[in-house]
Amino acid sequence: MSRIVYVNGRFAPETEAMVSIFDRGFLFADAVYEVTSVIGGRLVDNRAHLARLRRSLAEIDMPAPASDEAIEAIQRELVARNGLDEGIVYLQVTRGAEDRDFTWSAGLAPTLVLFTQARPVVDSPLARRGLKVISLPDLRWRRRDIKATGLLPACLAKMAAKRAGADDAWLVAGGTVTEGASNNAYIIDRTGRLVTRPLSQDILPGITRRALLELCAREGVPLEERPFTIEEALTAREAFVTSASILVTGVVEIDGHPIGDGKPGPLTRRLREIYLEFARTGG
Ligand code: PDD
């Protein structure tokens, strides 16, 4: 069954949707994106995703393709037209299409593309089992706070993880973990504190991270925002990652060493439940 996707003002079957070969998203990865999860047909924490999209656009001097309200209307329409109950809505804005040149013309109209992907979010097998990760050097650019589509380093890291029999990679720069290849990284240290790297240009300000840290404050979970090393993670009680596509998911093995008893830990499981409750109701 063919999906209905959205390209520049038009809903169309995926086989008929087109973007120019001169699109700067294609030629230069001159583009930013957002991924919003869908649970029970509902967009999760979408206002926060659209606010981050605005920030990403502003940081690279790209005009917004539409108002937040108009974009959300497109997202809802896609969810409805595709009968999406659980999965994600992907959204990408590129600077637009013109003959190849590093600099761009003033007034170039941005390209806006959205599509859905159906997949289990709440009851995913990987969340039940937990992720095996390997550590790799962080080869990305220095503005990781911008959600840009230049994801080749993430693709290479995830392929290396897959070839090593793992599920994902934790990226290391200057001796400490920055984040996962497509998620934010956390440990529960030996005193029961939740530890995660503070926001900076080193990492993406995750929307799931933001909501989770607020929920932790409400629940009285002690938090320390500081960088941590792989060595510390190896002796942590628990480890987990967050993102819109996998919510809160345990990490059960790092570089072949089990974390805790090798299963998603009790606090990780509780935080996943608390986040799911937020996602289903308030998010
Ligand atoms: N990735 N860090 C990186 C490098 C990411 O790519 C992502 C999200 C996150 C988590 O952000 P959020 O909680 O807002 O999803 C952190 C998305 C899901 C992706 O690229 O598919």
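Residues numbered from 1 in each chain as written. Predicted model: local features only at pLDDT ≥ 70, side-chain atom pairs only at ≥ 80, totals over all residues. Heavy atoms only, no water.

## As for the environment of R226
So, step 1. Inspection of the secondary structure assignment puts R226 in the loop between strand 12 (223–225) and helix 7 (230–234).
So, step 2. On the accessibility criterion, R226 (21% relative accessible area) is partly exposed.
So, step 3. Along the backbone, R226 and E214 are 12 residues apart, and their C-alpha atoms lie at a distance of 17 Å.
So, step 4. The residues contacting R226, other than those within four sequence positions of it, are D189, V195, T196, R197, P198 and E232.
So, step 5. Within the local environment of R226, its side chain forms a polar contact with the side chain of E224, the two groups lying 2.8 Å apart.
So, step 6. Of note is the side chain of R226, whose polar atom sits 2.8 Å from the side chain of E232. (Helix = DSSP H or I, 4+ residues; strand = E, 2+ residues; numbered from the N terminus. Buried < 20%, exposed > 50% of the residue type's maximum accessible area, 1.4 Å probe, protein only. Contact = heavy atoms within 4.5 Å. Polar contact = N/O pair within 3.5 Å; in protein donor to acceptor, adjacent residues only side chain to side chain.)

## Brief notes about helix 2 (residues 46–59)
So, step 1. Taking 1.5 Å per residue as the helical rise, helix 2 with its 14 residues ought to reach 20 Å, and the 20 Å between its terminal C-alpha atoms agrees with that figure.
So, step 2. For helix 2, every residue scored as buried is listed here: N46, A48, H49, L50, R52, L53, S56 and L57.
So, step 3. Where helix 2 is buried, its residues touch strand 3 (31–39), strand 4 (42–43), helix 3 (68–81), strand 5 (86–94) and helix 6 (207–219).
So, step 4. With its phi angle positive at about 60°, D61 sits one or two positions after the end of helix 2. (Expected span 1.5 Å × (residues − 1).)

## Some thoughts on the pairing of strand 2 (residues 10–13)
So, step 1. For strand 1 (residues 4–7) and strand 2, the ladder comprises four bridges, and the chain directions are antiparallel. Bridging from a neighbouring strand, V7 pairs with R10 of strand 2.
So, step 2. What sits between strand 1 and strand 2 in their antiparallel hairpin is a turn of two residues, with N8 showing a positive phi close to 40°. (Pairing = 2+ DSSP bridges.)

## Some remarks on the environment of V241
So, step 1. With respect to the helices, strands and loops of the structure, V241 is situated in strand 13 (residues 238–243).
So, step 2. Measuring from C-alpha to C-alpha, the distance between V241 and I254 comes to 12 Å, with 13 residues separating the pair along the chain.
So, step 3. Setting aside residues no more than four positions away along its own chain, V241 makes contact with L131, W170, N183, N184, A185, Y186, I246, L247, V248, T249 and V251.

## So, the sheet that holds strand 6 (residues 111–118)
So, step 1. Strand order across the open sheet formed by six strands is 2-1-6-5-3-4, with antiparallel pairing between neighbours. What marks the edges here is a single partner per strand, and that holds for strand 2 and strand 4.
So, step 2. Where strand 3 meets strand 5, nine bridges bridge the pair, whose relative direction is antiparallel. Counted as the bridge partner of S37 is I88 from strand 5.
So, step 3. Along the sheet face, helix 2 touches strand 3, strand 4 and strand 5 and points at about 175° away from the line of strand 3.
So, step 4. Its contacts with the sheet place helix 3 against strand 1, strand 2, strand 3, strand 4, strand 5 and strand 6, and it is angled at close to 35° to strand 6. (Axes fitted to C-alpha atoms, helices over the stretch in contact; angles between N-to-C directions.)

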